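Here are the chains, one letter per residue:
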Amino acid sequence: MNRRRFLAYSASAVAMAGGFSLVNSLGQLQTVVRENTSSFIAGLEQELADIIRLAALAPSGHNAQPWTVKLLTSHHWIIGTDDTRWLPAVDPQNREMMISIGAFLENLQMAANSKGYEVEIHIIAESAKSNEIASVKLQKKEAVSDFSVKQITARRTIRSNILSEDLLNEDVMLLTQGESEGCLYYARDSKEGKVLAEGTILANQIQGHREAAQKELADWIRWSNQDSRLYGNGLTPETMEIEGVSRWYVKNFYTRQSVLQEEFRQAAMQKSKEQATAGSGWLLLTGKAATVTELIQTGRKLQQIWLKVRERNIALHPMTQVLEEAATAKELPSTLGTSNDIQMVLRVGYVHHYSRPVSLRMPLQRIII
Ligand SMILES: Cc1cc2nc3c(=O)[nH]c(=O)nc-3n(C[C@H](O)[C@H](O)[C@H](O)COP(=O)(O)O)c2cc1C
């Protein structure tokens, strides 16, 4: 059956089953957009609510947005995490979750400074499984930093159309923060770059057939616009960069079950293979130990870099499967010749156009507890 006939067949089959409404189907042509104003929170000045909204524009694995904010007073908060938004199948030690919280704290600090607040952050978590992670105190000062919050609002993960031309030296320096310890860059054609591409492809094949990981992914994909609006988190066809008629099709006909079909797994593996072999190279963030403080610091460093790269039309695409699968993670540091732990692996490259962000965020009411 050719593709057009297949689409028509599927559509009519669903219509006959009574589950199809033309209005709903056409509605899926729309894109659910992210709110860019903060909702009213009782007892919290608008400016402070804005700081939390901007912090929450941080990246997170599967866009699970694991953060919570407990208001002890209007200017003293506890940043924590909700365990229903952890990813036990791919991140059993909460390593990536802590990196996401680090990125959230970096956004928080930069947004608060730009509004004239000084911020005091103390890590209070005893382990990566603690629900309370950091104490944050804000104090209004006269000085306003010259940081533009557009750096936060315009940042995004880019997965497609990353160019393979070499990075300029100045851009390598930008990514590695002047070759600071903990930031490594490997060009795509280098020995290490090839090891990372091969490891990533293999890890995606392993993970694609690891049931717990695939089921977890299925739980975090919001196929329809209704689900996108309902959850305000997770991955959507837009964030997965599914375009045109395919986007309309998956929004109307894909379900959680589709993600568990062999056809979907194979397509995802093929996609990750294409991705892993494109781009200028790989950025690795490393640390001495996977303590809460180190992981938070890694997340902050990740976000510091990410906030700077849009102006240079540089895309960042985390590809963390190589660290999530034991078979590929174990040998990686020694193969790459580093004695440190590798905490984050990102594909890097220029793009012609740094497109606007499309990932959703939950309303503040769901973060503030
Ligand atoms: C710790 C961490 C791990 C991630 N791993 C992946 C990954 O393996 N593959 C991927 O495509 N995106 C990955 N991402 C990107 C998230 O999916 C992305 O941040 C999220 O969907 C929100 O989108 P945004 O970054 O455009 O705001 C990761 C992000 C973080 C912070």
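Residues numbered from 1 in each chain as written. Predicted model: local features only at pLDDT ≥ 70, side-chain atom pairs only at ≥ 80, totals over all residues.

### A short note on the sheet that holds strand 6 (residues 281–287)
Part 1 of the reasoning: In spatial order, the strands read 5-6-8-7; together these four strands make up an open sheet with antiparallel pairing. Pairing within the sheet leaves two strands with one partner each, and these edge strands are strand 5 (183–187) and strand 7 (314–318). With direction set aside, neighbouring strand axes in the sheet form an average angle of 30 degrees.
Part 2 of the reasoning: Along the sheet, helix 7 (residues 191–208) makes contact with strand 5, strand 6 and strand 8 (341–350), crossing strand 5 at roughly 90 degrees. (Pairing = 2+ DSSP bridges. Helix = DSSP H or I, 4+ residues; strand = E, 2+ residues; numbered from the N terminus. Axes fitted to C-alpha atoms, helices over the stretch in contact; angles between N-to-C directions. Contact = placed C-beta atoms within 7 Å.)

### Details of the domain arrangement of the protein
Part 1 of the reasoning: With domains assigned, the protein is organised as domain 1 (46–154 + 358–367) and domain 2 (169–350).
Part 2 of the reasoning: One C-alpha centre belongs to domain 1, the other to domain 2, and the line joining them spans 21 Å.
Part 3 of the reasoning: Those elements that provide at least two residues to the side of domain 1 that touches domain 2 are helix 4 (95–114) and helix 5 (150–153).
Part 4 of the reasoning: Ranked by residues supplied to the side of domain 1 that touches domain 2, first place goes to helix 4 with eleven residues.
Part 5 of the reasoning: For the side of domain 1 that touches domain 2, the per-class residue count stands at 19 nonpolar, nine polar and five charged. (Domains from an automatic or database assignment. Nonpolar A, V, L, I, M, F, W, Y, C, P; charged D, E, K, R; others polar.)

### Focus: the nonpolar core
Part 1 of the reasoning: Among the nonpolar cores identified, the biggest contains 69 residues, and A55, I79, I101, F104 and V345 are the most heavily contacted of them.
Part 2 of the reasoning: A per-element tally of this core places helix 4 first, with eleven residues.
Part 3 of the reasoning: Leave out the neighbours within four places in its chain, and A55 touches F104, N107, L108 and A111.
Part 4 of the reasoning: Grouped together as the second largest cluster of nonpolar side chains are five residues, A213, L217, W223 and V250 included. (Core = buried A, V, L, I, M, F, W, Y, C linked by C-beta atoms within 7 Å. Buried ≥ 20, exposed ≤ 12 C-beta atoms within 10 Å, placed from the backbone.)

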